[in-house]
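# Survey of secondary and tertiary structure
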Amino acid sequence: MKDTGRILTIDARITHKEILALATLPWRDQPEALHAARRITDEMNQVMRPEALFQWLDLNEVRDQEIMACEPVSGSPVHLTTGDFSPYFHQATRFLAAVYTLGPKVDTLLHRLMVKGRHMEAHFVNMGSLAALTRTASVLTRLAENRAKKEGVGVSPPLSPGSIEGWELESQHELCALFPLATIGISQGEDAILSPMNTLSVVIAIGPGFKDSRAGSPCRLCRMGGSCTLTCSNHKATLRDKVA
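Residues numbered from 1 in each chain as written. Predicted model: local features only at pLDDT ≥ 70, side-chain atom pairs only at ≥ 80, totals over all residues. Heavy atoms only, no water.

### Overview of the packing of helix α4 (residues 105-115) against helix α5 (residues 119-151)
It is the contact of α4 with α5, at a shortest axis distance of 8 Å, that shows an interaxial angle of 160°. Of the possible angle classes, the one that applies to α4 and α5 is roughly antiparallel. For the pair α4 and α5, the crossing hand works out as left-handed. Of the residues in α5, those in contact with V106, L109, L110, L113 and M114 of α4 are H119, E121, A122, V125, N126 and S129. Taken together, the residues of the contact of α4 with α5 sort by class into 7 nonpolar, 3 polar and 1 charged. (Axes fitted to C-alpha atoms, helices over the stretch in contact; angles between N-to-C directions. Helix = DSSP H or I, 4+ residues; strand = E, 2+ residues; numbered from the N terminus. Parallel < 35°, antiparallel > 145°, perpendicular 65-115°, else oblique. Left-handed = near helix turned anticlockwise from the far one by under 90°. Contact = heavy atoms within 4.5 Å. Nonpolar A, V, L, I, M, F, W, Y, C, P; charged D, E, K, R; others polar.)

### Remarks on the side chain of S160
Its place among the elements puts S160 in the loop between β6 (154-155) and α6 (172-176). Note on S160: relative accessible area 19%, which makes it buried. Looking at S160, its side chain comes within polar contact range of the main-chain oxygen of S201, at 2.7 Å. (Buried < 20%, exposed > 50% of the residue type's maximum accessible area, 1.4 Å probe, protein only. Polar contact = N/O pair within 3.5 Å; in protein donor to acceptor, adjacent residues only side chain to side chain.)

### Comments concerning unusual backbone geometry
Across residues other than glycine, the phi torsion is negative in most instances, and most of the peptide bonds are trans. With an omega of 5°, the peptide bond running from S195 to P196 counts as cis. Structurally, P196 can be placed in the loop between β8 (194-195) and β9 (199-207). Located in the positive-phi region is Q65, a residue other than glycine, with phi close to 75°. With respect to the helices and strands, the residue Q65 is situated in strand β3 (residues 65-70). Looking at Q65, the relative accessible area reads 33%, which means it is partly exposed.

### Focus: the nonpolar core
Core analysis: the biggest nonpolar cluster contains 42 residues, and M44, F124, V125 and L140 have the highest contact counts within it. With 13 residues, α5 is the single largest residue contributor to this core. If we skip the residues at most four places from it in the chain, F124 touches I19, L20, A23, W27, A33, A36, A37, I40 and M44. Listed in part, the 29 residues of the second largest apolar core include V78, A92, V99 and I186. (Core = buried A, V, L, I, M, F, W, Y, C linked by side-chain atoms within 4.5 Å.)

### Things to note about the environment of T183
By secondary structure assignment, the location of T183 is in the loop between α6 and β7 (187-188). Taking the C-alpha atoms as reference points, T183 and E51, separated by 132 residues in sequence, lie 9.9 Å from one another. Residues within four places of T183 in sequence aside, it is in contact with R6 and L53.

Everything listed is a geometric property; what it means functionally is a separate question.
Here's what the structure looks like:
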């Protein structure tokens, strides 16, 4: 089983129905919405270039505010500042770290629409990006689920710095330092934000402390309890219910 890799062949194609299902009512109810959603779907499916980098890490120790891991082949130590979220990792034996992107041309499309004042279509690009990112992420969750099944353990939801209370966005620097970001066209600013815009980092842990065989949604850790329609980057997981 590969411990590190680059995934180039990801089918993240979306449908206009997915865009409309995610869109807000004021835009979705417009007379031209269906035609616009179909047009945006066609454009996005042409310009998206979903790619991912991943790496498996063995978890060695959970400390106050941080976790210590190592690369299984080289044995090189890895340190991640996970803040108040650190106790969650007591359930894990190893984790999959990854970064994934839809590529720069989605940003170009969105910018072009915004400059032209085509706000409904720009909104549809954002909604299509959410759907495409979900499809891209599913490739990574399957990797984690398959390894967890092979090892007879459970799997966590996808976890990302900045979307989990206590695990701050600035820690994304440490996570992304594990990867040659430039090989898939990703860069990171001093504020830890990744570019292109539709680029995310993620950790999926596996271990005997987890009871689920499917990674599921990070929303189950969120204080909103799955009652909203926002992407999980818009609110943070609570400190309770971190331990299964």
